[in-house]
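# Observations on the three-dimensional arrangement
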Amino acid sequence: MTTSNEISGSAWLSGLVVQARDVHGGLHHHAAPQQLPTPHQLPRLTPHFVNRTEEISTLDEARRAGSSLVVITGLVGVGKSALATRWLSSTTDAARPELYAELSGLAGPARPEDVLQPWLRSFGIDRPPAGLRELSALWRSVTAARPVSVLLDNVSDADQVPPLLPAGTSSMTVVTSRRLLWELAVDGAAALSLGPLDPRSSIALLARFTGEERIAAEPEAASLLADRCAHLPLPLVLAGARLKFRPGRSLGAAAGALVHPRREDPVRMAISAGLTETYASLGAAAQYVYRSLALLPVGAVDADMVGAACRLERDDAERLLEVLADEQLLTPGTSYVGPGPLYRMGAAVHEHALGLAERHDGLEERQRLVGRLCEWVLAIATQAQRLLTPSQATLRSHLPAGADAPPVFSDSRGAMTWLEERESDLPAVLEAAVASGADELTWMLVDAFWPLFLRRHPYALWIQAHEVGVAAAGRTGNAAAVRQMLLSGAIGLSSAGRLKESLTWYGQARQAAQAEGDVRDEGQALLGIGACHHEGGRPAQAEPYLTQAVALWTSCGYRRGVALATVLLGEISLTRGESSEALERFAIAHSVLAGIGDSYDAARALALQGHTRVLLDDLEIGVTELQNALTVFAAANSTRWQARTLEMLGGAYRIRGSEHAARDCFRQAAELVEVIRPEEAERLRRLEGDR
């Protein structure tokens, strides 16, 4: 039996055709086109998302400004991908393609060509080219007239990004990375640095899992747990999820378990894993600086400080700090003194770096590092003190051998600003110095910060530091240093209104000075005792001590001390209503203090002189003198004396009939003393409201 299977002529076939043997003629086969869905590749929105209102507003503003590329940077676990996904999803309609790529993985950084090929296939291009140049060109062609949204997640290198950017100006690309990726500014990128959640938002995120009732039952434990999670969303979510499935576990127990975990804890690993990976990618010098920063007892560092502590040239220290900031291990901020920024290390990073330092650096090296830091602080604070209050540095003519550093400021304003920037660091620096047994260094540090105490009046720190200083000076057996600490500490106690304790410190200093035959220190103690009695409303008891101080200082030729006592005697004359005598005393004191170059104390005498002239109806000259004194105090950032002079000037303006100017003075004075003396601020506000 013969069979045949033949297709001849012009044939048009569709659907499934089976041909067993020969085919003759023209044959055309057209497969039905495959309908590909619009790509929507963005990750699923996390159900646990809180706050970030300000960050979303920043992203919206970047879009409105015409940016089509945004780089979101931050630590591992800070929520970069969650924010990027939520923002892109909220700004994309259903018809707009969404492309996603993870650019770092276990196998290392992803190649752009490995990303472009599946992207192009998702647009129906079955056989995209192999080379990056052709792939990138085709990708630009595909997206030239078709807006797309792109999320490039966990980018490890800026070079990965440009080949993946769509061509159309209506497209939007968001890049997330642990690194700063500043190079992408060349491509017009807007930058958003994403930090940890604020404490309230952190607790709100925990409450998504635990419920508000458990948070309300253990508010302090909830705050501690948020702290132990470094306020990072990823560890907070993990900690919350664990608590949700363990309803009987307390928040306090959960927080305690993160301090000293018995085994590898998922929450702690969520914090440390990415940091360890970043640390491993650093060079040896950057790794050393990273570990060292966690050991330094300060809240912020700059290149000068790091150079001194780590024994690096300033340029090298600056470069290495920039490397760490680029890796999001440090957060740069503004310094109001030096040319470079201040850098801060977040809580999670600090804990990670500290653990590495304790494993890799020996105890002696860690101690030497902290010692170098303390000596550098002393060197710079001494430079500031010599500019601001040179008469105070009499005991520190010889600093420790290591306390030598180039200046970081050029004038008195810069010196005062540097001290203010280091105010919050002083307790920890003193603690570190005491722990290392450097008692001589400790009391010198307290003494060097005298201008800060004198002009800014941080009473709690003033007293705390001098308690440490007195003890440290006592351990050295340096009697002169003990007296110095007692005298300057007593001034702080008196300024804080603790007159009884101040009198005790002055009394101890006086006895010690008498035992040593130190006339100048005895006179200083007498001046302080007289000041305490005057401040306590006992001028009759104050005057004999002041008169005795004048006699002692006159005998040894200490003109400055005589002038300071004369200022206080002038104030006592004012309290008695003896204005002419007071004016004469202020004028004498001002002349002496100005003549020896003590501009600050000369301004004190001038302010009181101007006030007295106002009382004597010499209004215009009095106002001028008050204004001149105020200029000096403002330049010196002197909180108390600015406020006191403003009050006297306000009274003068009110007498002159300048009510608006008077109220403005009282208001400014109240604002200055609001923190250090709230009751005085309230009195000044009442003056502002008087007519």
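Residues numbered from 1 in each chain as written. Predicted model: local features only at pLDDT ≥ 70, side-chain atom pairs only at ≥ 80, totals over all residues. Heavy atoms only, no water.

### Comments concerning helix H10 (residues 266-280)
Note the threshold: In DSSP terms, a helix is any run of H or I states spanning at least four residues, a strand is any run of E spanning at least two, and both are numbered starting from the N terminus. Each helix should span, by expectation, one fewer than its residue count multiplied by 1.5 Å. Relative accessibility thresholds used throughout: buried, under 20% of the residue-type maximum; exposed, over 50%; partly exposed, between the two (1.4 Å probe, protein chains only).
In this model, H10 (15 residues) spans 20 Å end to end at C-alpha, consistent with the 21 Å of a helix rising 1.5 Å per residue. Taken as a whole, H10 has its buried residues at Val267, Ala270, Ile271, Gly274, Leu275, Thr278 and Tyr279.

### Notes on the pattern of salt bridges
Selection rule: Whenever a carboxyl oxygen of Asp or Glu lies within 4 Å of a side-chain nitrogen of Lys or Arg, that contact is scored as a salt bridge.
Tallying each qualifying case throughout the model produces 38 salt bridges. Across the salt bridge formed by Glu581 and Arg585, the nearest N and O atoms sit 3.4 Å from each other. Of this pair, Glu581 and Arg585 both sit in helix H26 (residues 579-595), 4 residues apart, which is roughly one turn of the helix.

### A word on the environment of Pro97
In plain terms, the rule: We call two residues contacting when some pair of their heavy atoms lies within 4.5 Å.
You can see Pro97 is positioned in the loop between helix H2 (80-90) and strand E4 (98-102). On the basis of relative accessible area, Pro97 is assigned to the buried category, the value being 1%. Ignoring anything within four residues of it in the chain, the contact list for Pro97 reads Thr38, Pro39, Phe123, Arg146, Pro147, Val148 and Ser149.

### Remarks on the sheet that holds strand E8 (residues 172-177)
Under the convention used in this document: DSSP bridges decide pairing: two strands pair if at least two such bridges lie between them. Where helices are involved, their axes are fitted lines through C-alpha atoms of the stretch in contact, as for all axes, and angles between N-to-C directions lie from 0 to 180°.
Strand order in the open sheet formed by 5 strands is E4-E7-E8-E3-E9, and the pairing between neighbours is parallel. Among the strands making up the open sheet, the edge pair consists of E4 and strand E9 (190-193). Direction aside, neighbouring strands of the sheet carry axes that sit 15 degrees apart on average. Docked against the sheet, H2 engages strand E3 (69-73), E4, strand E7 (149-153), E8 and E9, running at close to 170 degrees with respect to E8.

### Considerations on the packing of aromatic side chains
Our working rule: Only Phe, Tyr and Trp rings are paired, with Trp represented by its six-membered ring, and only when their centres lie within 6.5 Å; those with planes under 30 degrees apart are stacked, over 60 edge-to-face, the remainder tilted. Lysine NZ or arginine CZ positioned within 6 Å of the ring centre and within 35 degrees of the ring normal marks a charge as sitting over the ring.
Applying the stated rule across the entire model yields 11 aromatic pairs. An angle of 40 degrees between the planes, with centres 5.7 Å apart, marks the rings of Tyr279 and Tyr290 as tilted. With Tyr279 in helix H10 and Tyr290 in helix H11 (residues 284-293), this residue pair connects regions lying 11 residues apart in the sequence. Assigned by exposure class, Tyr279 and Tyr290 land together as buried. With centroids separated by 5.7 Å and ring planes inclined at 80 degrees, the aromatic side chains of Trp450 and Trp462 adopt a geometry described as edge-to-face. Note that Trp450 is positioned in helix H19 (residues 450-456) and Trp462 in helix H20 (residues 459-476), a separation of 12 residues in sequence. Pair check on accessibility: Trp450 and Trp462 agree, each one buried. Among the aromatic residues, those joined into a cluster by ring pairs are Trp450, Phe453, Tyr459 and Trp462. Seen from the ring of Tyr558, Arg520 lies directly overhead, with NZ or CZ sitting 3.7 Å from the centre.

### Some details on the environment of Ala241
Within the secondary structure, Ala241 is located in helix H8 (residues 233-244). The partly exposed category is assigned to Ala241, whose relative accessible area is 30%. Between the C-alpha atoms of Ala241 and Arg208, which are 33 residues apart in sequence, the distance is 9.2 Å.

### Quick notes on helix H23 (residues 519-535)
Heads up, the rule is: Think of a polar contact as two N or O atoms within 3.5 Å of one another; within protein, one of them needs to be a possible hydrogen donor and the other a possible acceptor, and neighboring residues in sequence only count if both atoms come from side chains.
Between the first and last C-alpha of H23 there are 24 Å, a value that for 17 residues agrees with the 24 Å anticipated at 1.5 Å per step. Of all 17 residues in H23, 13 are buried, a share of seventy percent or more. At the N-terminal end of H23, a side-chain oxygen is found 3.2 Å from the backbone nitrogen of Arg520, two or three residues along, and the residue is Asp518. Count one or two residues on from H23 and you reach Gly537, which has phi positive near 80 degrees.

### Some details on the side chain of Asn637
Checked against the element boundaries, Asn637 lands in the loop between helix H28 (619-635) and helix H29 (639-656). Judged by relative accessible area, which is 15%, Asn637 ranks as buried. Look past the residues within four positions of Asn637 in its chain and what remains in contact with it is Arg413, Met416, Glu420, Arg455, Arg456 and Gln642.

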